[in-house]
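What follows is each chain in one-letter form.
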Amino acid sequence: MIHGTVVGLQACISITICRLGRAEVEIECVIDTGFEGFLTLPSTVVTDLDLPYVAPIKANLADNSRIITNVHQATIVWNGTERVIPVLAMGRRPLIGTALLQDYHLSIDFCEGGTVLVDDII
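To keep things clear, this report deals only with the structure shown in the data block. (Residues numbered from 1 in each chain as written. Predicted model: local features only at pLDDT ≥ 70, side-chain atom pairs only at ≥ 80, totals over all residues. Heavy atoms only, no water.)

### A short note on the overall build of the protein
Scanning the protein from N- to C-terminus turns up two helices and 10 strands. Its helices and strands in sequence order give the protein the pattern β-β-β-β-α-β-β-β-β-α-β-β, from N to C terminus. Its C-alpha atoms give the protein a radius of gyration of 14 Å, near enough to 14 Å, the size a compact globule of 122 residues would have. Taking all 122 residues of the protein together, 39% fall into the buried category. Sequence separation of at least 24 residues holds for 52% of the intrachain contacts in the protein that already meet a minimum separation of 6. (Helix = DSSP H or I, 4+ residues; strand = E, 2+ residues; numbered from the N terminus. Rg over C-alpha atoms; globule rule 2.2 N^0.38 Å. Buried < 20%, exposed > 50% of the residue type's maximum accessible area, 1.4 Å probe, protein only. Contact = heavy atoms within 4.5 Å.)

### Looking at unusual backbone geometry
Phi is positive for Asp50, which is not a glycine, with a value near 55°. Its place among the elements puts Asp50 in the loop between helix H1 (43-49) and strand S5 (53-60). Here Asp50 falls in the exposed class, since its relative accessible area comes to 55%.

### Quick notes on the nonpolar core
Counting 26 residues, the largest nonpolar core has Leu41, Trp78 and Ile96 as the members making the most contacts within it. Ranked by the residues each element gives to this core, the list is headed by strand S2 (residues 10-19), at four residues. Dropping the residues within four chain positions of it, Leu41 is found in contact with Ile17, Ile27, Val46, Leu49, Leu51, Val87, Leu88, Ala89, Met90 and Pro94. (Core = buried A, V, L, I, M, F, W, Y, C linked by side-chain atoms within 4.5 Å.)

### Thoughts on the state of the cysteines
One pass over the structure, following the stated rule, counts zero disulfides. With no disulfide partner, Cys12 has as its closest neighbouring cysteine sulfur the one in Cys29, 8.7 Å distant. With relative accessibility at 7%, the residue Cys12 sits in the buried group. With no disulfide of its own, Cys18 has Cys29 as its nearest cysteine by sulfur position, at a separation of 13 Å. A relative accessible area of 16% places Cys18 in the buried class. (Disulfide = S-S within 2.5 Å.)

### A closer look at the pairing of strand S6 (residues 66-78)
Working note: regular strand, side chains alternate between the two faces of the sheet. Strand direction decides the pairing type here: S2 and S6, joined by three bridges, are antiparallel. Within S6, the position partnered with Ile17 by the bridge is Ile76. The pairing of S5 with S6 spans seven bridges and is antiparallel. Pairing of Lys58 across the sheet is with Ile68, part of S6. The loop that links S5 with its antiparallel partner S6 comprises five residues; one of these, Asn64, has a positive phi angle of about 75°. In this sheet, strand S7 (residues 81-89) lies alongside S6 in antiparallel orientation, the contact comprising nine bridges. Bridge assignment links Ile76 to a residue of S7, and that residue is Arg83. Between S6 and S7, which follow one another and run antiparallel, lie two residues, and Asn79 among them has a positive phi close to 55°. (Pairing = 2+ DSSP bridges.)

### Quick word on the pairing of strand S10 (residues 115-120)
As judged from the four bridges shared by strand S1 (residues 2-7) and S10, these two strands associate in the antiparallel manner. Bridge pairing links Ile2 to Val118 in S10. As judged from the five bridges shared by strand S9 (residues 104-108) and S10, these two strands associate in the antiparallel manner. Bridging from a neighbouring strand, Leu106 pairs with Val118 of S10. Connecting S9 to the next strand, S10, in antiparallel fashion are six residues, including Gly113 with a positive phi near 80°.

As structure tokens, then:
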């Protein structure tokens, strides 16, 4: 089970990014149920973490505009298990999308300091 907190009416959880031969990094992310991908990280964070580049893609934004952004690869710890996922280098804050939440139950108490829980469905 993954635990988080509501801050400013945003559901936040932390993820751990694994780096070969270097210390793991914990990053607080906002859960964005309107984002169908796995994870976004600001370009500066992707650069600082030295995440491997995969390819450019066209992405649709919430305002229905399209941009080209870079996809990188990261190994994260998700619910106690290492997973290799695509990461979009974009935005100002880290976002977790619904692809990472697939086959999980999401529970949020939407009040300041409220509880965020992500748990296995299976």
